[in-house]
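# Residue-level structure breakdown
Here's the letter readout for the chains.
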Amino acid sequence: MGLLVVGSIALDTVETPFDKIENALGGSSVYISLAASYFTSPVHLVGIVGEDFDEKYIQMLEDHGIDLDGLQIVPGGKTFRWGGKYHYDLNIRDTIFTELNVFENFNPVIPEKSRKSKFVMLGNIQPNLQLHVLDQLEEPQFVVTDTMNLWIETALEDLLKVLKRTNVLIINDSEARLLTNESNLIKAAKAIMGMGPEYLIIKKGEHGALLFGEDNIFSAPAYPLEDIFDPTGAGDTFAGGFIGYLDHVRDLNFENMKRAVVYGSAMASFAVEKFSTKGIEDLTRLQIHDRFIEFRELSRFDDAGKF
Ligand code: AMP
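All of the points below concern the structure found in this document. (Residues numbered from 1 in each chain as written. Predicted model: local features only at pLDDT ≥ 70, side-chain atom pairs only at ≥ 80, totals over all residues. Heavy atoms only, no water.)

### Things to note about the overall build of the protein
Of regular secondary structure, the protein possesses ten helices and 13 strands. For 307 residues, the compact-globule formula gives about 19 Å, and the C-alpha radius of gyration of the protein, at 18 Å, lands near that figure. If one aligns the C-alpha atoms of the protein with their principal axes, the spans along those axes are about 70 × 45 × 35 Å. For the protein, the proportion of its 307 residues judged to be buried stands at 55%. At a minimum sequence separation of 6, the contacts of the protein that also span at least 24 residues come to 64%. Of the roughly 14,300 Å² that the protein leaves accessible, carbon and sulfur atoms contribute 48%. Here the protein contributes 28 positive and 46 negative side-chain charges, whose respective centroids are spaced 4 Å apart. (Helix = DSSP H or I, 4+ residues; strand = E, 2+ residues; numbered from the N terminus. Rg over C-alpha atoms; globule rule 2.2 N^0.38 Å. Buried < 20%, exposed > 50% of the residue type's maximum accessible area, 1.4 Å probe, protein only. Contact = heavy atoms within 4.5 Å. Areas by Shrake-Rupley, 256 points an atom, 1.4 Å probe, with all protein chains shown as cover. Lys, Arg positive; Asp, Glu negative; His and termini not counted. Charge placed at Lys NZ, Arg CZ, Asp CG, Glu CD.)

### What to know about the sheet that holds strand S5 (residues 66-74)
Pairing is mixed in the open sheet, where nine strands are placed in the order S5-S4-S1-S8-S9-S10-S11-S12-S13. Looking at which strands have only one partner, the edges of the open sheet turn out to be S5 and strand S13 (217-220). The mean angle between the axes of side-by-side strands here comes to 15 degrees, regardless of whether they run parallel or antiparallel. One ladder, built from seven bridges, connects strand S4 (residues 43-50) with S5; its direction is parallel. When the sheet's bridge partners are listed, Gly 50 is paired in S5 with Val 74. The strands touched by helix H6 (residues 173-180) are strand S10 (168-172) and strand S11 (199-203); relative to S10, the strand with the most contacts, the crossing angle is about 110 degrees. (Pairing = 2+ DSSP bridges. Axes fitted to C-alpha atoms, helices over the stretch in contact; angles between N-to-C directions.)

### A few points about the site of the ligand
Around the ligand there are 17 residues in total, and Ser 8, Asp 12, Gly 27, Gly 233 and Asp 236 lie nearest to it. One of the side-chain nitrogen or oxygen atoms of Ser 8 is found 2.8 Å away from a nitrogen atom of the ligand. Between Gly 27 and the ligand, the recorded distance is 2.7 Å, taken from a backbone N or O atom to an oxygen atom. Take the shell around the ligand: its biggest share by element is three residues, from helix H8 (residues 234-249). Looking at the shell around the ligand residue by residue, the class counts come to seven nonpolar, seven polar and three charged. (Near = heavy atom within 4 Å. Polar contact = N/O pair within 3.5 Å; in protein donor to acceptor, adjacent residues only side chain to side chain. Nonpolar A, V, L, I, M, F, W, Y, C, P; charged D, E, K, R; others polar.)

### Looking at helix H1 (residues 28-37)
In an α-helix, one full turn covers 3.6 residues, which means residues spaced three or four apart are oriented alike. With respect to burial, H1 is a largely interior element, ten of its ten residues being buried. Those residues of H1 that sit buried are Ser 28, Ser 29, Val 30, Tyr 31, Ile 32, Ser 33, Leu 34, Ala 35, Ala 36 and Ser 37.

### Points about the layout of surface pockets
One number sums up the size of the second largest pocket: a volume of about 260 Å³. Lining the second largest pocket are Phe 218, Ser 219, Pro 221, Glu 255, Lys 258, Arg 259, Val 262, Phe 292, Ile 293, Phe 295, Arg 296 and Ser 299. Those elements that provide at least two residues to the lining of the second largest pocket are S13, helix H9 (254-271) and helix H10 (285-298). For the lining of the second largest pocket, the class distribution of residues is six nonpolar, two polar and four charged. (1 Å grid on protein atoms, 1.4 Å probe; cavity = no way out; pocket = protein on both sides within 12 Å on 5 of 7 lines; lining within 4 Å. Points joined across faces, edges and corners; volume = space filled by probe spheres on them.)

### Regarding the pattern of salt bridges
For the coordinates displayed, the defined rule picks out 15 salt bridges. Its salt-bridge partner being Asp 67, residue Lys 113 comes within 3.2 Å of it at the nearest N-O pair. Residue Lys 113 is found in the loop between strand S7 (93-99) and strand S8 (119-122), and its partner Asp 67 is found in strand S5; the two are separated by 46 residues along the sequence. For Lys 113, a relative accessible area of 41% translates into the label partly exposed. Since its relative accessible area comes to 15%, Asp 67 is described here as buried. Between Lys 116 and Glu 138 there is a salt bridge, and its shortest N-O distance comes to 3.8 Å. (Salt bridge = Lys/Arg side-chain N within 4 Å of Asp/Glu carboxyl O.)

### Overview of the sheet that holds strand S2 (residues 10-15)
Sheet architecture is open: four strands sit in the order S3-S2-S6-S7, paired in mixed fashion. Each edge of the sheet is formed by a strand with only one pairing partner; in this case those strands are strand S3 (20-26) and S7. The sheet shows a mean angle of 20 degrees between the axes of neighbouring strands, taken without regard to direction.

### Describing the environment of Asp 54
Mapped onto the secondary structure, Asp 54 falls in the loop between S4 and helix H2 (55-63). Residue classification places Asp 54 among the partly exposed residues on the basis of a relative accessible area of 33%.

### A closer look at the environment of Asn 23
With respect to the secondary-structure elements, Asn 23 resides in strand S3. Non-local contacts of Asn 23, meaning those with residues more than four positions away in its chain, are made with Leu 11, Asp 12, Thr 13, Tyr 57 and Arg 81. At 3.4 Å, the side chain of Asn 23 forms a polar contact with the side chain of Arg 81.

Okay, structure coming up:
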């Protein structure tokens, strides 16, 4: 069985106020799969690339135990390319270009053996493709979905169908506001949970993440990093750590959901410390665990103080 991950695979050109890198490995499914691979195995990645996709990337993903039977390599095709530029405030990013290439005709075909997957991560792709993935699965139990403002604006009808079949939606604060026309995040969360998901995670960049359950809210801080080199993929890496941990424990109580949010945040903090996927290629379990503990210390206080 294992964890099924579907999303984009990209060669990213990223410019920050500090540096620039061209055609580096990226894409939602790559960040998600790499992050999840530290928690669970096998991770089945379904995506598409062109013939120009470097063999060394395939090797690196396989070295992380990621199953690539669902990877389509289009002969003569070019891999999806995305270019982004970050402002001095790294929370603000402009998309400079999007070259869809082989991604334009992506038809995610789930290999027979992965159709039984119970845990599924729908990375950020067109909602109709996310629906197509769900239609191929036998009996998914836990579906985590990511999306973006583009789909909220251009494919809302399909996105709402995806949400009806989603257990956890992960989006950022501006997307939550856009989806609901509601500026207050607590009200927005209630509205989104009325659309289908049992849980909602709202990411707030350097201000951490909020997890909403039916009657509970949990707030996780972001790791206070002094040097952020490349925020690209932070959200996807968060999602990978989150679902990877839950696929590992396979017990979806709220305490585990909280731990999963912290593991996701820890993985994201590693991702942004280096360019592209470099920050999550060579981690040890001990490093991840240590950072998890640091997160606990960040917001722990005792309640014995007198008032
Ligand atoms: P994040 O920083 O978490 O939003 O994810 C950034 C990644 O998403 C980059 O590696 C891009 O290649 C990828 N990406 C950008 N635009 C799209 C899109 N329209 N569809 C799918 N993936 C995209």
